[in-house]
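What the coordinates show
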Amino acid sequence: MRVLVSGGAGYIGSHTVLALLEHGHDVVIVDDFANSKPTVLGRLETLSGKTIPLHAFDLTDADKTEHLFASEKFDAVIHFAGFKAVGESVEKPLDYYRNNLDSTFSLLRAMTRHGVDKLVFSSSATVYGDTAPVPYHEDYEPLSASSPYGRTKVMIERVLTDVATITDGFRVALLRYFNPVGAHPSGMIGEDPQGIPNNLMPFIAQVAVGRRDKLRVFGDDYPTKDGTGERDYIHVMDLAAGHVAALEHLPTMDEPVRAFNLGTGEGTSVLELLHAFERAVGHELPYEVVERRAGDLPAYWADPTRAQQELGWQATHTIDDMCADTWRWQSENPNGFPEG
């Protein structure tokens, strides 16, 4: 298939681009580099041995999006593009609603006008909110979220469902993933957060490489195995493979829309992840326990049964794999991707 990957220069998008190329698909990237750097493209081309067409613009520009679909033919779209920081979304809700929703509207209009009827959407476990029973299952309702970022995911899932339901032949896979970590085993691409990392693994990596003094652990009195919060961490390479599996499943999908959890089905605590990273680095890393953060849940993880049964997909990488690959990326690229 010829696949348009929106946000294809970003963390998950870039790894998925490589996985798509390895499976024989043709890939075109559209990215405005709001959360990524142009230099990732050269590394993707080096790793894949292929030239990857890139269109650098913001998908909220409906005219440019329409022009792209009018001038090129695509069989499917994988939609990653969007703002993604939970904390920032609380501070800038209008930015998140405008960017994440408008980019999706622009994309959907162009797709329906030009007969592109297959879409894989980058959703999130945040759609389950704070009341869903653990492990999270795709049939849980009502979907909710505790941040503007999460609510954009819920809204977009609803929009995609409504459009697919009334558009003959339209097929959508909603991929609700949990906590992506890790990096490509080459060490050439990985997560490169701008500013202070919002997520645990890149923060630990920056402590290990000397960019941060120590890790702050938000609470050690949760009802969990060691008192720290537990999350379902999934290697980004497993996640990329899940997108390929979903894309290839779309033509045979019976219903217009189907949601899939992409996770390991296991919870890993903050301290367990820290100690796994220490094994990768070869020495202890400094940390301190501070007060809980408002809104943090004690523990959650996926029920990945549906993805295993229907997509033939399951996570294969261990926590030690995730930490080793993250450390290879961070140690070889201490300041992330170069500018340019």
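Here is what the cut-offs are and how they apply
- Residue positions are given per chain, counting from 1 as you read along its sequence in written order.
- In keeping with the predicted nature of the model, local features appear solely for residues at pLDDT of at least 70, side-chain atom pairs appear and are counted solely at 80 or more, and the whole-chain, interface and lining totals rest on all residues.
- Only heavy atoms go into the side-chain values, all of them from the structure, while hydrogens and water stay out.
- For helices the rule is a DSSP run of H or I covering at least 4 residues; for strands it is a run of E covering at least 2, with both sets numbered from the N terminus onward.
- It is over C-alpha atoms that the radius of gyration is taken, and the globule rule equals 2.2 Å times the number of residues to the power 0.38.
- In this scheme, a residue with accessible area under 20% of its type's maximum is buried, one over 50% is exposed, and one in between is partly exposed, where area comes from a 1.4 Å probe on protein chains only.
- Only four residue types enter the tally: Lys and Arg on the positive side, Asp and Glu on the negative side; His and the chain ends are excluded.
- Take a side-chain nitrogen of Lys or Arg and a carboxyl oxygen of Asp or Glu: if they are within 4 Å of each other, that pair is a salt bridge.
- Here a polar contact is recorded for every N or O atom pair within 3.5 Å, except that within protein the pair must consist of a potential hydrogen donor and a potential acceptor, and residues adjacent in sequence are included only if both atoms are side-chain atoms.
- It only takes one pair of heavy atoms within 4.5 Å for two residues to be counted as in contact.
- Aromatic pairs are defined between Phe, Tyr and Trp rings, using the six-membered ring for Trp, whenever the two ring centres lie within 6.5 Å; interplanar angles under 30 degrees are classed as stacked, those over 60 as edge-to-face, and all others as tilted.

Looking at the overall build of the protein chain
Tallying secondary structure elements over the protein chain gives 11 helices and 13 strands in all. Its C-alpha atoms give the protein chain a radius of gyration of 19 Å, near enough to 20 Å, the size a compact globule of 340 residues would have. With respect to the principal axes defined by its C-alpha atoms, the protein chain has extents near 55 × 45 × 40 Å. Among the 340 residues that make up the protein chain, the fraction classed as buried is 54%.

Some words on the side chain of Glu-230
Within the secondary structure, Glu-230 sits in strand 9 (residues 230-231). Although Glu-230 is buried, it makes no salt bridge; Lys-225 carries the closest opposite charge, 4.3 Å away. In this structure the side chain of Glu-230 is engaged in a polar contact, spanning 3.1 Å, whose partner is the backbone nitrogen of Lys-225. With residues up to four places along the chain from it excluded, the contact list for Glu-230 reads Thr-224, Lys-225, Gly-267, Thr-268, Ser-269, Pro-298, Ala-299, Tyr-300 and Trp-301.

Digging into the packing of aromatic side chains
For the structure shown, the criterion picks out eight aromatic pairs. Geometrically, the ring pair formed by Phe-83 and Tyr-96 is edge-to-face, given 5.4 Å between the ring centres and 65° between the ring planes. Residue Phe-83 is found in the loop between strand 4 (76-79) and helix 4 (86-91), and its partner Tyr-96 is found in helix 5 (residues 93-113); the two are separated by 13 residues along the sequence. Judged by relative accessible area, which is 1%, Tyr-96 ranks as buried. For the pair Phe-178 and Tyr-300, a centre-to-centre distance of 6.2 Å together with 45° between the ring planes defines the contact as tilted.

Considerations on helix 7 (residues 200-208)
Each α-helix winds once per 3.6 residues, and so residues spaced three or four apart point in a common direction. In terms of burial, helix 7 is largely enclosed, as nine of its nine residues are buried. Considered for burial, the residues of helix 7 that qualify are Leu-200, Met-201, Pro-202, Phe-203, Ile-204, Ala-205, Gln-206, Val-207 and Ala-208. Along its buried surface, helix 7 packs onto strand 7 (179-181), strand 8 (215-218), strand 10 (233-235), helix 9 (270-281) and helix 11 (319-332). Phi turns positive, to about 95°, at Gly-210, one or two residues after helix 7.

What about the pattern of salt bridges?
Scanning all chains against the criterion turns up 17 salt bridges. Put simply, Glu-72 and Arg-2 hold a salt bridge, and the shortest N to O gap is 3.1 Å. Of this pair, Glu-72 sits in the loop between helix 3 (62-71) and strand 4 while Arg-2 sits in strand 1 (residues 2-6), placing them 70 residues apart in sequence. Look at Arg-2 and you get partly exposed, because its relative accessible area is 25%. Across the pair Lys-225 and Glu-272 runs a salt bridge whose closest N-O atoms are separated by 3.3 Å. One end of the pair, Lys-225, is in the loop between strand 8 and strand 9; the other, Glu-272, is in helix 9, with 47 residues separating them in the sequence. With relative accessibility at 31%, the residue Glu-272 sits in the partly exposed group. Bridged by salt links that share partners, the residues Lys-37, Asp-192 and Glu-339 form one connected network.

Some words on the environment of Leu-54
Take Leu-54: it is sitting in strand 3 (residues 54-55). A relative accessible area of 31% means that Leu-54 is categorised as partly exposed. Note: C-alpha distance between Leu-54 and Gly-219 (165 residues apart in sequence) is 43 Å. Ignoring anything within four residues of it in the chain, the contact list for Leu-54 reads Ile-29, Asp-31, Phe-33 and Leu-41.

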